[in-house]
Amino acid sequence: MRIESFPPGDLAPGAPERRPPRRRRRAVSVLSAGLVVGALLAGVGVITGAAPDVALSARAAGTPRQQAQQQAPTPGAAAPDPAPADPRPTCVSMVQALAPRDRLAQRLMVGVDAADPAGAARIVRDSHVGGIFLGGNATALLRNAALDAVQAAGNLPVAVAVDDEGGRVQRIDQLDGELPSARALARKTPEQVRALAEERGRQLAARGVTWDLAPDVDVSDQPANSVIGDRSFSNDPAVVTRYAGAFEEGLRRAGVYGVLKHFPGHGHSSGDSHQGRVSVPPLDQLRQADLRPYADLLARLDHDRVGVMVGHLDVPGLTDELPSSLTPATYALLRDEYRFDGLVMTDDLGAMKAVSDRFTLPQASLTALMAGADVALSSNVEPVAPILDALQQALDSGKIAAADNDRAVERVLAAKDLCRRT
């Protein structure tokens, strides 16, 4: 049995910090190109002066728009009072108030060292990135409200993301206990999975995490310890849809933004994209199984409240020289055939050899954003300036169209629940 000691004021495992999630925690202002964005954000839904548990409960209840959607009248009952107007600013107005480089920075989610809170705050302060990713097993950033300082360093609230699927892929197990793998969860009822995901989401939110890069929507019968394996709920697309939908709903009820992955389907891959290029069945076969959960889920989910992650996959009939994450046809498939208008992000561009064997991180990030990704993800902890420099040059030269860039930033800000898209 391992015995841990905890610094004064820290939390023992199983006792998560009870503090309001970041998006409701503070007013936000931006001074960019002489424009003050604070007035725009006055209606974002900031909770001030509330007890932590009250603020957390308010965030879990959802945005005013989500609350209005939940207030459908009961047959025979008196009509409820009209839902309050959404107080958030428009995403267009928020984007217009940002300098061009800051707009580009919103499209980056960069790795930080979870053992170095000061370093994470410095990255956010210096680069104004839209999100940070916490990988590995270190937990310093998840203790003692350390993420508050990271949020205070930003010019806008920062998306704080982890991989917390359960099983082999989870990040707060040392603090709040283990979550079963997807394959194990599929032996429970969808209602039980929804409740477990909601509980997990509240634990994540209490520690300052706002995005969970989960659930895994891959359809797979691979052995448990293979690249997907027990990360998949089932090899039956209908089962995957049912259980992934329950997991996503639980996260959303807890106020955590979920991301479906790995589009267009990693479950029947030839290998591990962490180790190199991998292939999957042709697109026509993916449509018959691997893509069905996306079709079913995206047809009914609120596209501002869930994202999609694109994997690094070679797909006959879809990709050619580049992996799916860097191929425009992949994003066209998601946008046009599956009518998805929410945030689309890449899988890790910096530490997965399917991409990093050929591209530097600035090159990969630029290629992904030009292909159609809204957010370029990297787990690497390295300087952000070279990435932003490459993106700035592409924006200035027209390789990245200004209008396309602004639409992507609107999706990022909406995914962070900062504004309403019109």
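In the block above lies the structure referred to throughout.
As a starting point, this report considers the structure included with it. (Residues numbered from 1 in each chain as written. Predicted model: local features only at pLDDT ≥ 70, side-chain atom pairs only at ≥ 80, totals over all residues. Heavy atoms only, no water.)

**As for the overall build of the protein**
Next, step 1: Looking only at helices and strands, the protein has 17 helices and 10 strands in total.
Next, step 2: Evaluated residue by residue, the protein yields a buried proportion of 58% over its 422 residues.
Next, step 3: Within the protein, contacts between residues at least 6 apart in sequence are counted, and of these 75% link residues at least 24 apart.
Next, step 4: Here the protein displays about 16300 Å² of accessible surface, and carbon together with sulfur accounts for 52% of that area. (Helix = DSSP H or I, 4+ residues; strand = E, 2+ residues; numbered from the N terminus. Buried < 20%, exposed > 50% of the residue type's maximum accessible area, 1.4 Å probe, protein only. Contact = heavy atoms within 4.5 Å. Areas by Shrake-Rupley, 256 points an atom, 1.4 Å probe, with all protein chains shown as cover.)

**What to know about unusual backbone geometry**
Next, step 1: The amide bond that connects Lys 261 to the next residue, His 262, takes the cis arrangement and shows omega of 0°.
Next, step 2: Turning to its location among the elements, His 262 is positioned in strand β7 (residues 257-263).
Next, step 3: Pro 264 follows Phe 263 through a cis peptide bond whose omega is 0°.
Next, step 4: With respect to the helices, strands and loops of the structure, Pro 264 is situated in the loop between β7 and α11 (283-288).
Next, step 5: For His 128, which is not a glycine, the phi torsion comes out positive at approximately 60°.
Next, step 6: Considering the arrangement of structural elements, one finds His 128 in the loop between α5 (117-127) and β4 (131-134).
Next, step 7: Within the chain, Ala 145 stands out as a residue other than glycine whose phi angle is a positive 55°.
Next, step 8: Position of Ala 145 among the secondary structure elements: in the loop between β4 and α6 (146-153).

**Here we look at the state of the cysteines**
Next, step 1: Scanning the entire structure with this criterion turns up one disulfide.
Next, step 2: The disulfide that involves Cys 91 links it to Cys 419, with 2.1 Å between the sulfurs. Its S-S torsion of about 95° marks the bond between Cys 91 and Cys 419 as right-handed, since a negative value means left-handed. Residue Cys 91 is found in helix α3 (residues 91-96), and its partner Cys 419 is found in the segment after α17 (402-415); the two are separated by 328 residues along the sequence. For the residue pair Cys 91 and Cys 419, the accessibility class agrees, reading buried in each case. (Disulfide = S-S within 2.5 Å.)

**A short note on the packing of aromatic side chains**
Next, step 1: Under the defined criterion, the tally for this structure stands at four aromatic pairs.
Next, step 2: Taking the centre distance of 6.1 Å and the plane angle of 25° together, the rings of Phe 233 and Tyr 243 count as stacked. Of this pair, Phe 233 sits in the loop between β6 (211-212) and α10 (237-253) while Tyr 243 sits in helix α10, and the two are 10 residues apart along the sequence.
Next, step 3: The buried category is assigned to Phe 233, whose relative accessible area is 5%.
Next, step 4: Take Tyr 243: its relative accessible area is 7%, and that puts it in the buried class.
Next, step 5: Centroid distance Phe 263 to Tyr 338: 6.2 Å. Interplanar angle 85°. Geometry classified as edge-to-face. With Phe 263 in strand β7 and Tyr 338 in the loop between α13 (328-337) and β9 (344-346), this residue pair connects regions lying 75 residues apart in the sequence. Accessibility assignment for this pair places Phe 263 and Tyr 338 in one class, buried.
Next, step 6: Linked through ring pairs, Phe 263, Tyr 294 and Tyr 338 together constitute an aromatic cluster. (Phe/Tyr/Trp six-rings, centres within 6.5 Å; stacked < 30°, edge-to-face > 60°.)

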